[in-house]
Amino acid sequence: MASKPPRDSELEAILEKVREVRNFDFRNYKRATLQRRIERRMQATRCRTRSAYLALLERDPVEVTTLVSSMLIKLTSFFRDREVWQTLEQSLVELIRQRPEKELRIWSAGCATGEEAYSLAIAAAEALGPGNPGPELKVFGTDVDEDAIATARRGVYSPEQLENVSPERLARFFVRTGNSYTVRKEIRRGVVFGVNNLVSDAPVSRIDLLLCRNVFIYLDSDLQKRVLARFQFALRRNGLLVLGRSELIPFAARLFRPVDLSRRIYRKDGDVEVSTTTQDRLPPEPSSLPRLIEPAVIDTERPFLRNLLDSQPCPTIATDNDGTVTLWNRAAARLWNRNEGDVLGKKLSALGLG
Ligand SMILES: C[S@@+](CC[C@H](N)C(=O)[O-])C[C@H]1O[C@@H](n2cnc3c(N)ncnc32)[C@H](O)[C@@H]1O
């Protein structure tokens, strides 16, 4: 059995400081990336040792913010991974055909500065074609980084950032202002940006196409599972999930049906096994309910079924075929005093519920 590397107490102290000051939990992010980013900040601030850098973080909250921004890597581009986009363009045509006159909801989760969300809106507009009433298109772009979302909302990009955009698309979907390009109103109208933490905030709901690319590479396998379990709820039945090219996560194939593994495209089957646990006697209702999920910034709508489950007194847990928790209602949270965010993606048998 592979033994875990010893914990690096100074690194843990830095992550704890970040959690205390910015309420952001990096403990389940991959350590190698975090370490590189911390070293970079140490060089920039001329701190020779980790303890000197920790002391700087103690006295300078601005440096904590700079470190968080540096640890959230926001590398992105329009139509990133051309091959995947060719498949996505076909998928969009198919989705539009399946949902005539309805709403087509697309989510770019971890959208950084907005290029992926706008690429989706452009590809969807092309798939819809001119003069086609079709479904109403809504693209949600979310990220935990507030500055990145502010940039996304502005929708202004340099020629270098638009390298992957063809001259035809540039002319049709952007307006040139000086040496930069602004996404046209017709596209911006259908795109909503919001700050949202994929780990702790409520996911956007009733999604037909969900892109979460180049985010999972930064998370450890425990956190990957928890976020994937949340995507189960975000997607409509038959909705598509697209991960990044370098993100082959075996757990994804347990929750979703692989459609095109080489392009990391999966489909939600709605085929999860639901097991219900009832208790005759529930503990007394606490005066304030534990906060299960933060309110969604851009979409507070919850599926009817979820509300129903949360309002009933009976603790209800859903697992997949492998025994991994995919749902945990409020009554379950009360009974076992564990928030849904803490248990999603974990093995039910490992929770020690007795
Ligand atoms: C490398 S970018 C990916 C951008 C785009 N999806 C792409 O593939 O080009 C990763 C993004 O994930 C965001 N991110 C990391 N952890 C997150 C979390 N817990 N919730 C939401 N976004 C997160 C980062 O802020 C960053 O903008």
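Residues numbered from 1 in each chain as written. Predicted model: local features only at pLDDT ≥ 70, side-chain atom pairs only at ≥ 80, totals over all residues. Heavy atoms only, no water.

Named according to an unreviewed UniProt entry, the protein chain is protein-glutamate O-methyltransferase originating from Corallococcus exercitus. In the Catalytic activity (unreviewed entry) part of its UniProt record, the protein chain is described as follows: "L-glutamyl-[protein] + S-adenosyl-L-methionine = [protein]-L-glutamate 5-O-methyl ester + S-adenosyl-L-homocysteine". (UniProt positions renumbered as here; feature names shortened; annotations may be inferred.)

Got a sec to walk through the pairing of strand E9 (residues 257-260)? Specific residues and values, please.
Pairing between E9 and strand E10 (residues 265-267): three bridges, direction antiparallel. Looking at E10, one finds that Pro258 is bridged to Tyr266. Where E9 folds back on E10, the antiparallel hairpin that results is connected by four residues, among which Arg264 adopts a positive phi of roughly 60°. (Pairing = 2+ DSSP bridges. Helix = DSSP H or I, 4+ residues; strand = E, 2+ residues; numbered from the N terminus.)

So what about the environment of Gly190? Which residues, and what values?
Tracing the sequence through the fold places Gly190 in the loop between helix H9 (185-188) and strand E6 (191-195). On the basis of relative accessible area, Gly190 is assigned to the partly exposed category, the value being 22%. A C-alpha to C-alpha distance of 6.2 Å links Gly190 and Leu137, two positions 53 residues apart in sequence. Excluding residues within four positions of it along the chain, Gly190 makes contact with Leu137, Lys138 and Val139. (Buried < 20%, exposed > 50% of the residue type's maximum accessible area, 1.4 Å probe, protein only. Contact = heavy atoms within 4.5 Å.)

Could you give an account of the site of the ligand, naming the residues involved and the relevant values?
Around the ligand, 20 residues are found, and the nearest of them are Tyr29, Thr76, Arg80, Asp143 and Asn214. Note that a nitrogen atom of the ligand is positioned 2.7 Å from one of the side-chain N or O atoms of Tyr29. At 2.8 Å, a side-chain N or O of Arg80 approaches an oxygen atom of the ligand. Computed on the free molecule, the ligand has an accessible area of 600 Å², of which 99% lies beneath the protein chains in the complex. Here the shell around the ligand is composed, by residue class, of nine nonpolar, five polar and six charged. (Near = heavy atom within 4 Å. Polar contact = N/O pair within 3.5 Å; in protein donor to acceptor, adjacent residues only side chain to side chain. Areas by Shrake-Rupley, 256 points an atom, 1.4 Å probe, with all protein chains shown as cover. Nonpolar A, V, L, I, M, F, W, Y, C, P; charged D, E, K, R; others polar.)

Which residues make up the sheet that holds strand E3 (residues 156-157), and what values go with them?
One open sheet holds the three strands; their spatial order is E3-E5-E4, and the pairing between them is antiparallel. Edge positions in the open sheet fall to E3 and strand E4 (174-177), since each of these has one partner strand only. Where E4 and strand E5 (residues 180-183) come together, four bridges link them in antiparallel fashion. Considered in E5, the bridge of Thr177 is made with Ser180.

Tell me what's going on with the packing of aromatic side chains, and back it up with residues and numbers.
Inspection of every chain in the model, using the stated rule, returns ten aromatic pairs. An angle of 85° between the planes, with centres 5.0 Å apart, marks the rings of Phe78 and Tyr157 as edge-to-face. Here Phe78 is found in the loop between helix H4 (61-71) and helix H5 (82-98), whereas its partner Tyr157 is found in strand E3, with 79 residues between them in sequence. Taking the relative accessible area as the measure of exposure, Tyr157 reaches 1% and is therefore buried. Geometrically, the ring pair formed by Phe216 and Phe231 is edge-to-face, given 6.1 Å between the ring centres and 85° between the ring planes. Placement of Phe216 in the loop between strand E7 (207-212) and helix H10 (221-234) and of Phe231 in helix H10 is noted, with a sequence separation of 15 residues between them. (Phe/Tyr/Trp six-rings, centres within 6.5 Å; stacked < 30°, edge-to-face > 60°.)

Which residues make up helix H6 (residues 115-128), and what are the values?
Look at H6: 20 Å from first C-alpha to last across 14 residues, which is about the 20 Å you get at 1.5 Å a residue. Extensive coverage of H6 is indicated by the burial of twelve of its 14 residues. Along H6, the residues that are buried comprise Glu115, Glu116, Ala117, Tyr118, Ser119, Leu120, Ala121, Ile122, Ala123, Ala124, Ala125 and Leu128. Downstream of H6 by one or two residues, Gly129 has phi in the positive range, about 80°. (Expected span 1.5 Å × (residues − 1).)

Hey, could you go over the pattern of salt bridges for me, with residue numbers and the actual values?
A side chain of one charge can pair with a side chain of the opposite charge when the charged atoms of the two come close. Here the structure, examined in full by the defined rule, presents 21 salt bridges. Across the pair Glu103 and Arg206 runs a salt bridge whose closest N-O atoms are separated by 3.8 Å. Placement of Glu103 in strand E1 (residues 103-109) and of Arg206 in the loop between E6 and E7 is noted, with a sequence separation of 103 residues between them. Accessibility expressed as a relative area gives 18% for Glu103, which makes it buried. Within the structure, one salt-bridge network assembled from shared partners comprises Glu103, Arg105, Lys138 and Arg206. (Salt bridge = Lys/Arg side-chain N within 4 Å of Asp/Glu carboxyl O.)

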